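Understanding the architecture of this molecule
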Amino acid sequence: MSSSAEPQPKLFTPLSAGDIDLRNRVVMAPLTRNRATPGSDAPNALNVAYYRQRASAGLIISEGTQISQQGQGYIWTPGIHSPAQIEGWKAVTEAVHAEGGKIVAQIWHVGRVSHVSLQPGNKAPVAPSAILAPTKTYLESGFVPVSQPRALAAEELSGIVADYTRAAENAREAGFDGIELHGANGYLIDQFLKDGTNRRTDAYGGSIENRLRFPLEVVDAVTKAIGKGRVGIRVSPVSPANGVSDTDPQAVFDRLAAELGARGLAFLHVVEGATGGPRDIAPFDYLALRRAFGGVYIANNGFDRETAIEAVESGRVDAVAFGKAFIANPDLVERLKRNAPLNTLQTETLYGGDARGYTDYPFLAEKAA
Ligand code: 8OZ
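No experiment lies behind these values; they were computed from the predicted model shown.

Overview of the packing of aromatic side chains
- Following the criterion strictly, the structure yields 13 aromatic pairs and no others.
- Centre to centre, the rings of Tyr50 and Tyr358 are 4.2 Å apart; their planes meet at 10°, and the pair counts as stacked. Taken together, the positions of Tyr50 in helix H1 (residues 45-53) and Tyr358 in the loop between helix H10 (332-338) and helix H11 (364-368) put the pair 308 residues apart, joining distant regions of the chain. Each member of the pair, Tyr50 together with Tyr358, is buried.
- When the centroid spacing of 5.7 Å and the interplanar angle of 20° are considered together, the rings of Tyr74 and Trp108 count as stacked. Of this pair, Tyr74 sits in the loop between strand S4 (59-66) and helix H2 (83-98) while Trp108 is found in strand S5 (residues 103-108), placing the two residues 34 residues apart along the sequence. The two residues Tyr74 and Trp108 agree in class, both being buried.
- Ring-pair connections join several aromatic residues into one group, and the members of that group are Tyr50, Tyr51, Trp89, Phe176 and Tyr358.

What to know about the packing of helix H6 (residues 249-262) against helix H7 (residues 286-293)
- Where H6 meets H7, the closest approach of the two axes is 7 Å, and the angle between their N-to-C directions is 25°. Put simply, H6 runs roughly parallel to H7. In this structure, H6 uses Gln250, Phe253, Asp254, Ala257, Ala258, Leu260 and Gly261 to contact H7, whose residues at the interface are Ala288, Leu289, Ala292 and Phe293.
- Split by residue class, the contact of H6 with H7 holds 8 nonpolar, 2 polar and 1 charged.

Here's the deal with the layout of surface pockets
- Quantified by volume, the largest pocket comes out at close to 1100 Å³.
- Sorting the residues of the lining of the largest pocket by element identifies S5, strand S7 (136-139), strand S14 (319-322), helix H9 (324-328) and H10 as the ones contributing at least two each.
- Looking at which element gives the most residues to the lining of the largest pocket, the answer is H9, with 3 residues.

Observations regarding the side chain of Thr135
- Within the fold, Thr135 resides in the loop between strand S6 (126-127) and S7.
- For Thr135, a relative accessible area of 18% corresponds to the buried category.
- Of note is the side chain of Thr135, whose polar atom sits 2.9 Å from the side chain of Asn242.
- Beyond its immediate chain neighbours, meaning those up to four positions away, Thr135 contacts Val113, Pro145, Val146 and Asn242.

A short note on the pairing of S14
- On S14, burial covers both faces: Ala319 and Ala321 on one face and Val320 and Phe322 on the other are all buried.
- In this sheet, S14 lies alongside strand S3 (residues 26-28) in parallel orientation, the contact comprising 3 bridges. Residue Met28 lies in a different strand from S14, and its bridge partner there is Phe322.
- Looking at chain direction, strand S13 (residues 297-300) and S14 are connected through 3 bridges and run parallel. By the bridge assignment, Ala299 is partnered in S14 with Val320.

Overview of the site of the ligand
- In the vicinity of the ligand, the contacting residues are Thr32, Tyr74, Trp108, His182, Asn185, Tyr187 and Tyr351.
- Separating an oxygen atom of the ligand from a side-chain N or O atom of Asn185 is a distance of 2.7 Å.
- Within the complex, 76% of the 300 Å² of free accessible area of the ligand lies under protein.
- Comparing atom positions with the cavity grids shows the ligand to sit within the largest pocket.
- Tallied by class, residues from the shell around the ligand come to 4 nonpolar, 3 polar and no charged.

Digging into H2
- Over its 16 residues, H2 extends 23 Å from the first C-alpha to the last, a length consistent with the 22 Å expected when each residue adds 1.5 Å.
- By the burial criterion, the buried members of H2 are Gln85, Ile86, Gly88, Trp89, Val92, Thr93, Ala95 and Val96.
- For H2, the elements touching its buried residues are H1, S4, S5 and helix H3 (157-173).
- Immediately downstream of H2, the backbone of Gly100 shows phi near 85°, a positive value.

Here is what the cut-offs are and how they apply
- Residues numbered from 1 in each chain as written.
- Predicted model: local features only at pLDDT ≥ 70, side-chain atom pairs only at ≥ 80, totals over all residues.
- Heavy atoms only, no water.
- Phe/Tyr/Trp six-rings, centres within 6.5 Å; stacked < 30°, edge-to-face > 60°.
- Helix = DSSP H or I, 4+ residues; strand = E, 2+ residues; numbered from the N terminus.
- Buried < 20%, exposed > 50% of the residue type's maximum accessible area, 1.4 Å probe, protein only.
- Axes fitted to C-alpha atoms, helices over the stretch in contact; angles between N-to-C directions.
- Parallel < 35°, antiparallel > 145°, perpendicular 65-115°, else oblique.
- Contact = heavy atoms within 4.5 Å.
- Nonpolar A, V, L, I, M, F, W, Y, C, P; charged D, E, K, R; others polar.
- 1 Å grid on protein atoms, 1.4 Å probe; cavity = no way out; pocket = protein on both sides within 12 Å on 5 of 7 lines; lining within 4 Å.
- Points joined across faces, edges and corners; volume = space filled by probe spheres on them.
- Polar contact = N/O pair within 3.5 Å; in protein donor to acceptor, adjacent residues only side chain to side chain.
- Pairing = 2+ DSSP bridges.
- Near = heavy atom within 4 Å.
- Areas by Shrake-Rupley, 256 points an atom, 1.4 Å probe, with all protein chains shown as cover.
- Sits in = over half its atoms within 2 Å of the grid points.
- Expected span 1.5 Å × (residues − 1).

Read these as layout, nothing more, since geometry by itself doesn't imply function.
Right, dumping it as structure tokens:
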């Protein structure tokens, strides 16, 4: 038991990220769970219960939420482009706010990581370049290879920027405290940033400046729509997730971070290393990235209690995002504070299904009772 004489670790102290005030620095990472309502892809009562249970996080970042049907890559992921979806999210944000929590919507376009069966008119998914991703998606039938994408025409990009803008406005209407752009893990924004997936020869490909063009057009549009203090972004500079790669990620992401810092974004959220895998998959100077940004830096990937406390205490990061630990421990903040044991993650209930492995992980008191 901690006595009042011991100062509590900085991990458990408040933080302001732009216009969003966090009561602690333990962030719930965005987590795809494929449990939106079939047909409408609207959040439902089960999703409300799940987020309410986790509202003691300093900030919840919602699961990836598609900005359009074209932006969807997996079955039963929620959207934020229809009235039913906005209504569903309203119930989620009200529940989190009623518990004193904060929640931002992670807005998402998957680009090439999709399947024709999810696309409008069963057409090909879209990407910066027509390069098939060496990855799988998740459909009703289970995991299947993604479909061959087609390259976007430059004239189509303003329409996608408009979809991001509408999604951000819808997030505000749904009561979110802000948004996080999903710029990580090999989805559309990351596909534009990295030269393994962006082979364009127009103004949106080639030089780093050109590869940053579409992502920064999105950033500028959403910050104009809802305010820079309510916009963050998640990136994964060296993660090979969904088959992306870059020949010089340090140069690309240092430049991106500087551009984002100049725009005064609320936070930069970084998957350090390979998403859900080794942190040391490739050399990368995250301190340089943080310095280039200059604002609130949220680190993610492979942290435990000790490394999270140390990372915040030392000042290397401002906050730490936990993924798997938040799936299995709705009261993760309390467990970390008390150094209590954590529940074990059930991997077979991660994607799709019902309350099992979703809202039935026990809180500390229940376990003791
Ligand atoms: C796991 C399964 C499906 C999607 C990501 C949104 O990696 C995801 C995702 C993760 O960012």
